[in-house]
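Residue-level structural notes
These are the residues of each chain, in order.
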There are 2 protein chains.
Amino acid sequence: MDKVSIVKIGGNVIEDEVALGKFLDLFASLDGLKILVHGGGKMATQLASKLGIESKMVGGRRITDAETLQVITMVYAGLTNKNIVAQLQARRCNALGLSGADGDTIQAHKRPVESIDYGFAGDVDGINSTLVTKFLETGLTPVFCAMTHDGNGQLLNTNADTIAAELAIGLSNVFETILYYCFEKKGVLKNVEDDNSLVEHLNSATYRQLLADGVIADGMLPKLENCFRVLNKNVGKVCIGHPSMLASENELFTTITL
Amino acid sequence: MDKVSIVKIGGNVIEDEVALGKFLDLFASLDGLKILVHGGGKMATQLASKLGIESKMVGGRRITDAETLQVITMVYAGLTNKNIVAQLQARRCNALGLSGADGDTIQAHKRPVESIDYGFAGDVDGINSTLVTKFLETGLTPVFCAMTHDGNGQLLNTNADTIAAELAIGLSNVFETILYYCFEKKGVLKNVEDDNSLVEHLNSATYRQLLADGVIADGMLPKLENCFRVLNKNVGKVCIGHPSMLASENELFTTITL
């Protein structure tokens, strides 16, 4: 079974030109088949602000009204995605920029309104693993922005962590999938203030122990719950850490298995 | 030999929601393999203006400085391209949005500075016909925005008519290619004021005659020169007219052959 690495990067890497360049060097050098998923971050907020559109966030999630969706489409699918694609091409990595609407690669539906109306936010229904597999086998490296569509002409703002997870799950029937979540910390830390308290390996048993010890920080809880959900759906392993974890000589990150 | 229709639409269609919807109905219903190429138009100018960026045009061509390139990337590759893709998906046409950087589909170089510095404007070197053919054979309908790249990480603003022409030329070794240029008139008119003066067929001989008669309007000259250039490079035929020419029952447009 071929291996596919699915790497998710967030706003902190995208917004820093030097950090992005370093990351893309590492990503382009990564052996084997690979997929990049990128969020958007502050650039959308900055553009919205320049255009006089107020950014509304609830619990860290953006409320996507019609005007905000336009801004997001411009920044995520336009500026960020195409710059990453062009920079990967310069590194001889044959990148193909995609939203979920392109090739109908990611189907989603507008999140139903319960206590909060998130607007044009998408919940993923599934991925077109046949087409994504074909892209990979053609030697292309898909680069997904955090947008999907509902099949009826509506684009939807969609969480990049979720897109990466669904791609890893959807491709796990065809490939051995490894999911990399890059963020600003070295990985799961026993003490968030102390980079030397890294947990290098986690599995269901050690995770339960850390939970019982009350060691897992609040912000980390949903991330880890998501990791175990993904692992329970045939994804081989999940790695969490600083973007530098993609360097083969670096072993200072957290690897999570079932 | 399979047939491929390459259709170019301009700003006047893209900017009008109703006209765009009608056009996409026709395009989605078009039989056989097809490619859409779209320009950008006034939306980029409007966004630039809102952001306080001055739009500089020389001879109808945009001077693309670094800030303008960002605006164009947001509007062409983001907003316009993804909306067209999502709307084609709603019409069960499996669209794949592309810039020339995606899959390295269109290689270009920055236009050398002679009397005018066009900034980040691209002149096309060639297209990746192998990959575009693979997309078509996979059942995908490529939707190109008017952007290319130089292979060294630089995106380039590139004329949509030229991209359509180069795709038609590049694919003519594998397919019978037909190029459709949609614009606001019915086609080539003997009298620009009179829609009934349509020239339905043009070839090298009748074109020379019209030139001798001084019938071809100034604005039409470069368009027609480009058409014959394309025909001389193995493209089967070029059709010029209103977007409604894509309707099978409509024969009121100009067909140009060698």
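Residues numbered from 1 in each chain as written. Chains lettered and ligands numbered in written order. Predicted model: local features only at pLDDT ≥ 70, side-chain atom pairs only at ≥ 80, totals over all residues. Heavy atoms only, no water.

Chain A is annotated in an unreviewed UniProt entry as Acetylglutamate kinase from Aggregatimonas sangjinii. Regarding chain A, the UniProt comment filed under Subcellular location (unreviewed entry) reads as follows: "Cytoplasm". Annotation of chain A in UniProt includes, under Catalytic activity (unreviewed entry), the sentence "N-acetyl-L-glutamate + ATP = N-acetyl-L-glutamyl 5-phosphate + ADP". (UniProt positions renumbered as here; feature names shortened; annotations may be inferred.)

1. Some details on the pairing of strand E13 (residues 237–241) of chain B
The side chains of a regular strand alternate, first on one face of the sheet and then on the other. Residues and elements named next belong to chain B. Counted residue by residue, E13 has 4 buried out of 5 residues, so it is predominantly covered. Pairing analysis gives 5 bridges linking strand E11 (residues 176–182) to E13, with the strands arranged parallel. Of the residues in E13, the one forming a bridge with Tyr180 is Cys239. Where E13 and strand E14 (residues 254–256) come together, 3 bridges link them in antiparallel fashion. (Buried < 20%, exposed > 50% of the residue type's maximum accessible area, 1.4 Å probe, protein only. Helix = DSSP H or I, 4+ residues; strand = E, 2+ residues; numbered from the N terminus. Pairing = 2+ DSSP bridges.)

2. What to know about the interface of chain A and chain B
The partner chain B presents 38 residues to the 38 residues of chain A that form the contact. In total, chain A and chain B occlude about 2,800 Å² of area from one another, counting both sides; carbon and sulfur atoms represent 70% of this. Its largest share of buried area at the contact with chain B, chain A owes to Met74(A), Leu79(A) and Lys82(A), together 19% of the area lost on that side. The interface formed by chain A and chain B includes 2 salt bridges. Put simply, Lys82(A) and Asp102(B) hold a salt bridge, and the shortest N to O gap is 2.9 Å. (Contact = heavy atoms within 4.5 Å. Buried area = accessible area lost by both parts, 1.4 Å probe. Salt bridge = Lys/Arg side-chain N within 4 Å of Asp/Glu carboxyl O.)

3. A few points about the side chain of Asn128(A)
Residues and elements named next belong to chain A. With respect to the secondary-structure elements, Asn128 resides in the loop between strand E7 (122–127) and helix H5 (129–137). From its side chain, Asn128 meets the backbone nitrogen of Leu131 in a polar contact 3.1 Å long. Among all residues touching Asn128, those that are not within four sequence positions of it are Gly103, Asp104, Thr105 and Gln107. (Polar contact = N/O pair within 3.5 Å; in protein donor to acceptor, adjacent residues only side chain to side chain.)

4. As for the packing of aromatic side chains
For the structure on display, the rule yields 5 aromatic pairs over all chains. Consider the rings of Phe135(A) and Phe135(B), whose centres lie 6.0 Å apart with planes at 90°: the pair is edge-to-face. On the criterion of chain membership, the pair formed by Phe135(A) in helix H5 and Phe135(B) in helix H5 (residues 129–137) is interchain, its members lying in two chains. When its relative accessible area of 2% is taken as the criterion, Phe135(A) is described as buried. Pairing Tyr207(B) with Phe228(B) gives two aromatic rings, centres 4.7 Å apart and planes at 25°, and the pair type is stacked. Here Phe228(B) lies in helix H8 (residues 220–231) and Tyr207(B) lies in helix H7 (residues 204–212), a separation of 21 residues in the sequence. Stacked on the ring of Phe27(A), the Lys or Arg Lys34(A) has its end atom at 5.4 Å from the ring centre. (Phe/Tyr/Trp six-rings, centres within 6.5 Å; stacked < 30°, edge-to-face > 60°. Lys NZ or Arg CZ within 6 Å of the ring centre and 35° of its normal.)

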